[in-house]
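So the chains spell out like this:
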Amino acid sequence: MSLAHIPLVDLSHGGPMPQLGLGTWPLDDDEAEGAVLAAFEVGYRHIDTAVKYGNETGIGRAVALGGLERDELFITTKLDGEFQGDDRAVVGLEGSLRRLGLDYVDLLLIHWPLPARGAFVSTWQTFERLLADGLTRAIGVSNFTPGHLATLAAETSVVPAVNQVQLSPYTPRWAEREYAVAHDILVQSYSPIGAGGELLHADQVQELAGKHHRTPAQIVLRWHVQQGLAPVPKSADPTRIASNAQVFDFELDSDDMAELATLDRGPAAGTDPDVTGH
């Protein structure tokens, strides 16, 4: 199969970033190694992981075996609540770099805001120092609401380059996206094709797959990229990994987008960052 053409998107700092990446939760080290190598073969260069996923070592093995130059790759990892506050992110990132076999990551994210702890601002200040020290090329957040982002904006100096949130036609995250546009933050979509296959079996998605002679997953991923979102679909299957990247050579028309808009279930369909996380 020919290599996918995955365009680059600009970040407010540290970019550019391939618009589509490979998600790796909940793959273990061996599964992640195989999936990443398969992704490299078909043109992926953007890999998304996290300390909590427990697969950074496997991804590091794939990076070492993949034969690609470091500047061709875009590697994202996330630090969870264990590394919030009191400069704990320094040790957290050191561990990630050791497991990944890298000198720096391209994007470092706070995995969850955990507002009840009151530590995400101090954690972000540590992230700013890690950025200045060159241990990460960009810093961002995951699962942050506009309220959490406004708190960061009031108390810190670097605007997150990325906010990675659970996002799909079921849960389009309008408030997060509106805030992001106003503050030059790229919205990255995890679980972009839903979970459990329900979204892919929706009548609207199935009808558009037939209309465009595409897979249901390609229809949904096209919905993301056409709106400037950056999805990171997870798969360990080489055929699906390759198929998921073939979304840049067709377009959904306005009627198609309107049809997919009817799937919106509102914010209750997704996670609540004020009560969820680790």
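Located above this text is the structure these notes cover.
To keep things clear, this report deals only with the structure shown in the data block. (Residues numbered from 1 in each chain as written. Predicted model: local features only at pLDDT ≥ 70, side-chain atom pairs only at ≥ 80, totals over all residues. Heavy atoms only, no water.)

### Some remarks on unusual backbone geometry
- Pro-16 follows Gly-15 through a cis peptide bond whose omega is 0 degrees.
- Summarising the element assignment, Pro-16 is placed in the loop between strand 1 (8-9) and strand 2 (17-18).
- Here the residue pair Trp-25 and Pro-26 is connected by a cis peptide bond, since its omega of 5 degrees sits within 30 degrees of zero.
- One non-glycine residue with positive phi stands out, namely Asp-86, at about 55 degrees.
- Its place among the elements puts Asp-86 in the loop between strand 5 (74-79) and helix 3 (88-100).
- We classify Asp-86 as exposed; its relative accessible area is 65%.
- Phi at Asp-87 is positive, roughly 60 degrees, even though this residue is not glycine. (Helix = DSSP H or I, 4+ residues; strand = E, 2+ residues; numbered from the N terminus. Buried < 20%, exposed > 50% of the residue type's maximum accessible area, 1.4 Å probe, protein only.)

### Here we look at the environment of Tyr-179
- Its location among the elements puts Tyr-179 in helix 6 (residues 174-183).
- Owing to a relative accessible area of 13%, Tyr-179 belongs among the buried residues under this scheme.
- In contact with Tyr-179, not counting residues within four places along its chain, are Pro-146, Leu-149, Ala-150, Ala-153 and Ile-185. (Contact = heavy atoms within 4.5 Å.)

### Comments concerning the sheet that holds strand 8 (residues 162-166)
- Within the open sheet, the 8 strands sit side by side as 3-4-5-6-7-8-9-10. Their pairing is parallel. Each edge of the open sheet is held by one strand with a lone partner, namely strand 3 (22-23) and strand 10 (230-231).
- Where strand 9 (residues 186-190) meets strand 10, 2 bridges bridge the pair, whose relative direction is parallel. Bridge pairing links Gln-188 to Ala-230 in strand 10. (Pairing = 2+ DSSP bridges.)

### Points about the packing of aromatic side chains
- Summed over the entire model, instances satisfying the criterion amount to 3 aromatic pairs.
- The ring of Tyr-104 has Arg-137 lying over it, and the distance from NZ or CZ to the ring centre is 3.8 Å.
- In this structure, Arg-265 is placed above the aromatic ring of Tyr-170, and the distance from its NZ or CZ to the ring centre is 3.7 Å. (Phe/Tyr/Trp six-rings, centres within 6.5 Å; stacked < 30°, edge-to-face > 60°. Lys NZ or Arg CZ within 6 Å of the ring centre and 35° of its normal.)

### Focus on helix 2 (residues 56-65)
- Looking only at helix 2, the buried set comprises Glu-56, Gly-58, Ile-59, Gly-60, Ala-62 and Val-63.
- Looking at the buried positions of helix 2, the neighbouring elements they touch are helix 1 (29-41), strand 4 (46-48), strand 5 and helix 3.
- The positive-phi residue at the C-terminal boundary of helix 2 is Gly-67, with phi of around 75 degrees.

### Concerning the packing of helix 4 (residues 120-132) against helix 5 (residues 146-155)
- Between helix 4 and helix 5, the least distance of the axes is 10 Å, while the angle of their chain directions is 60 degrees. One element, helix 4, and the other, helix 5, form an angle in the oblique class. Crossing geometry of helix 4 relative to helix 5 is assigned as right-handed. In contact with Phe-120, Val-121, Trp-124 and Gln-125 of helix 4, helix 5 contributes His-148, Thr-151, Leu-152 and Glu-155.
- Class assignment of the residues belonging to the contact of helix 4 with helix 5 gives a composition of 4 nonpolar, 3 polar and 1 charged. (Axes fitted to C-alpha atoms, helices over the stretch in contact; angles between N-to-C directions. Parallel < 35°, antiparallel > 145°, perpendicular 65-115°, else oblique. Left-handed = near helix turned anticlockwise from the far one by under 90°. Nonpolar A, V, L, I, M, F, W, Y, C, P; charged D, E, K, R; others polar.)

### Describing the side chain of His-13
- One can find His-13 in the loop between strand 1 and strand 2.
- Polar side-chain contacts of His-13 include one of 3.1 Å to the backbone nitrogen of Ile-139.
- Leave out the neighbours within four places in its chain, and His-13 touches Leu-131, Arg-137, Ala-138, Ile-139, Val-158, Val-159, Pro-160 and Ala-161. (Polar contact = N/O pair within 3.5 Å; in protein donor to acceptor, adjacent residues only side chain to side chain.)

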